[in-house]
Amino acid sequence: MGLSSANTVVNEGFQLCVFDLRRGQQEGQELDKILFFHPADLPFSTQLSVIGLSEGLITFTSLFKGIVFVSCRIFSPEAACEVIEAERHSHVFHQAEQDIWMVMVVEKSKESDAIWRIDALRKVLKEVHSLFVMFHGSIRSLLDKEPSGGLVRPHLYNFIMDYLSAFQKRSPWDICCCDFLVGKKIKLPSFRDCLKERGTVQMLTVGREAALEVQSLVRVLESCAGNTPCYSLVLFQDLLVSTTLSPDDTINLFTYAVLRLAPHALLSRASSWSYLRKGNSASQINAASVLASSGPVSEQFYGSRDTSPHGGEHSHHVVRPLQLNKWYKGTDGFLVTDIWGPEVGIMVSATPTVWLQQTDERMYLCVYQHKSLTLILLFPISSILNGEQGLSVVKQQIVENASLKMLKVEEKLSKGWGGENAYHVGGYRYLLVDGDRNVSRASPPGKVTTLTKESLISLSNLREEVDWEKSREIWDDPGHDKDLEICIRAKNNAWVIARTTRGKELYMVLEKANETLLFASDAVEKFSNRYCSGAFSLD
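Notes on the structure follow. (Residues numbered from 1 in each chain as written. Predicted model: local features only at pLDDT ≥ 70, side-chain atom pairs only at ≥ 80, totals over all residues. Heavy atoms only, no water.)

1. Observations regarding the pattern of salt bridges
Close approach of charged atoms lets side chains of opposite charge pair.
Then, in step 1: Counted by the stated rule, this structure contains 22 salt bridges.
Then, in step 2: Arg 140 is the partner of Asp 20 in a salt bridge, and the nearest nitrogen-oxygen pair spans 2.8 Å. Residue Asp 20 is located in strand β2 (residues 14-20), and its partner Arg 140 is located in helix α3 (residues 139-145); the two are separated by 120 residues in the primary sequence.
Then, in step 3: We classify Asp 20 as buried; its relative accessible area is 1%.
Then, in step 4: Assessed through its relative accessible area of 16%, Arg 140 is described here as buried.
Then, in step 5: With its nearest N and O atoms 2.6 Å apart, the salt bridge here joins Glu 197 to Arg 463. Here Glu 197, found in the loop between β8 (185-188) and α5 (208-224), pairs with Arg 463, found in helix α12 (residues 453-476); they are 266 residues apart in sequence, far enough to count as distant.
Then, in step 6: Judged by relative accessible area, Glu 197 falls into the buried class, the value being 7%.
Then, in step 7: With relative accessibility at 1%, the residue Arg 463 sits in the buried group. (Salt bridge = Lys/Arg side-chain N within 4 Å of Asp/Glu carboxyl O. Helix = DSSP H or I, 4+ residues; strand = E, 2+ residues; numbered from the N terminus. Buried < 20%, exposed > 50% of the residue type's maximum accessible area, 1.4 Å probe, protein only.)

2. Looking at the packing of helix α2 (residues 118-136) against helix α6 (residues 247-261)
Then, in step 1: The interhelical angle for the contact between α2 and α6, taken along N-to-C directions, is 95°, at an axis separation of 10 Å. The orientation of α2 with respect to α6, classified from their angle, is roughly perpendicular. Facing α2, whose interface residues are Glu 127, Ser 130, Leu 131, Met 134 and Phe 135, α6 presents Asn 252, Leu 253, Thr 255 and Tyr 256.
Then, in step 2: Looking at side-chain class alone, the contact of α2 with α6 contains 5 nonpolar, 3 polar and 1 charged residues. (Axes fitted to C-alpha atoms, helices over the stretch in contact; angles between N-to-C directions. Parallel < 35°, antiparallel > 145°, perpendicular 65-115°, else oblique. Contact = heavy atoms within 4.5 Å. Nonpolar A, V, L, I, M, F, W, Y, C, P; charged D, E, K, R; others polar.)

3. So, the side chain of Glu 97
Then, in step 1: As for its position among the elements, Glu 97 is in strand β5 (residues 89-97).
Then, in step 2: Within the local environment of Glu 97, its side chain forms a polar contact with the side chain of His 129, the two groups lying 2.9 Å apart.
Then, in step 3: The residues contacting Glu 97, other than those within four sequence positions of it, are His 129, Val 133, Ser 138, Ile 139 and Arg 140. (Polar contact = N/O pair within 3.5 Å; in protein donor to acceptor, adjacent residues only side chain to side chain.)

4. Looking at the nonpolar core
Then, in step 1: Grouped together as the largest cluster of nonpolar side chains are 82 residues, with contacts concentrated most on Val 18, Met 104, Ile 139, Leu 156, Tyr 256 and Leu 378.
Then, in step 2: In contact with Ile 139, other than residues within four places in its own chain, are Val 18, Leu 35, Glu 97, Ile 100, His 129, Phe 132, Val 152 and Leu 156.
Then, in step 3: In terms of nonpolar packing, the next biggest core, distinct from the first, is built from 48 residues, Tyr 423, Val 425, Tyr 428 and Leu 506 among them. (Core = buried A, V, L, I, M, F, W, Y, C linked by side-chain atoms within 4.5 Å.)

Interpretation in functional terms is not warranted from these geometric data alone.
What follows is the structure, encoded as structure tokens:
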């Protein structure tokens, strides 16, 4: 996307770690608590120093209830530590699971681009953990399977490093993902991303006739599965059209689809077949270039080299679903990958699987694609008789009975699609977030690039203020959302505006606007009435 090259670049002043407070409490066993650390080539003494400081801050802040510190958020025993602002570093915390913490430490810089929102950084931690659980299960469950950590460490190491390097091929209108890893440098979401919202889906607006066609398609897909439960997501381009999943599962699968499954993310079939013929050697070369230069000691500790099914007596096959260029389109329209390795006993790639929160069970992940239409289908493993063979029968039923319906839906959606700038509103640069539905819509990235740096910095600072107010609301009145309106005249005379009401948020930049506050207020009212059904109107 157009702004990715301008994101904040952080090198030596960046650490990301995952640790378990239950482990390593005995003298001489301190290393046990480290589950992941980046950069992995730092001495263990340095890694333990960073984690020890984080552990101390977590323990210290849990002692205070309802006390506000000048340089940090509100803390209490009932709520997890979120962020501490030191003079030289920002420490961003996310309690991923009970007693398992993820911490990002970012060095502050005088560079003008080194301006970020803490909430945006925390959502990076939340996203990587949510995706990890979807593919591998909880961190705690992996620790329970092998208490030594030999199972969870290589899974975390490969997954997080693939995550940091994952977002290199994106749609020009992708607004939910960022490019983090360039060489050995980490690129963080900066003020230039203030008109984006991670952890939400972007919906395609469709007319009544198209919506009925999509509903009909979903019913046909469910009928093809017979008595087997079938859950589905329907995407057009990088936009969600329909889902039968819970909000959390929808967000996770939508995020993965944008990264790896949407049409822009796929290789051509010819290059994919060429890649598959080369076997695993290309995968190992790619892994070596992605996993930041780890020394032999840290490689042994994190198990970053044990990624094949035959790596040795104590090795583990580490599935790496975020690897680049590993999906391609098969002859029957279903997408194929060898990421999950071969099916036992046969020379066929195993079908991908994910863990669904909605049903608390593992699912087969099947993806069908026709032009710009992508269908994600999930079937419970326990409900498919004869495993892969039974799943092939279901796929065949879909191809035979739903192909014409899918073609019709794709054609209808294409006719109504307004292109990359479909949701551009002349004169406005905006972000609309519906927190209750986890949906966002924003000005196209190409239009956002026309804003000046001063406008973007002002909006980023304004969003930081709104984040702070939202945190305070949680403490003052947890069950009630307070309406909020802030209008700021930036140094470049642009109006920067925020309005929040009943779980919805609207952020807006008006450049080259009239100087009066009344003009800015009227502009928001017009936008609200026309595009938000009056949700942000003051009347």
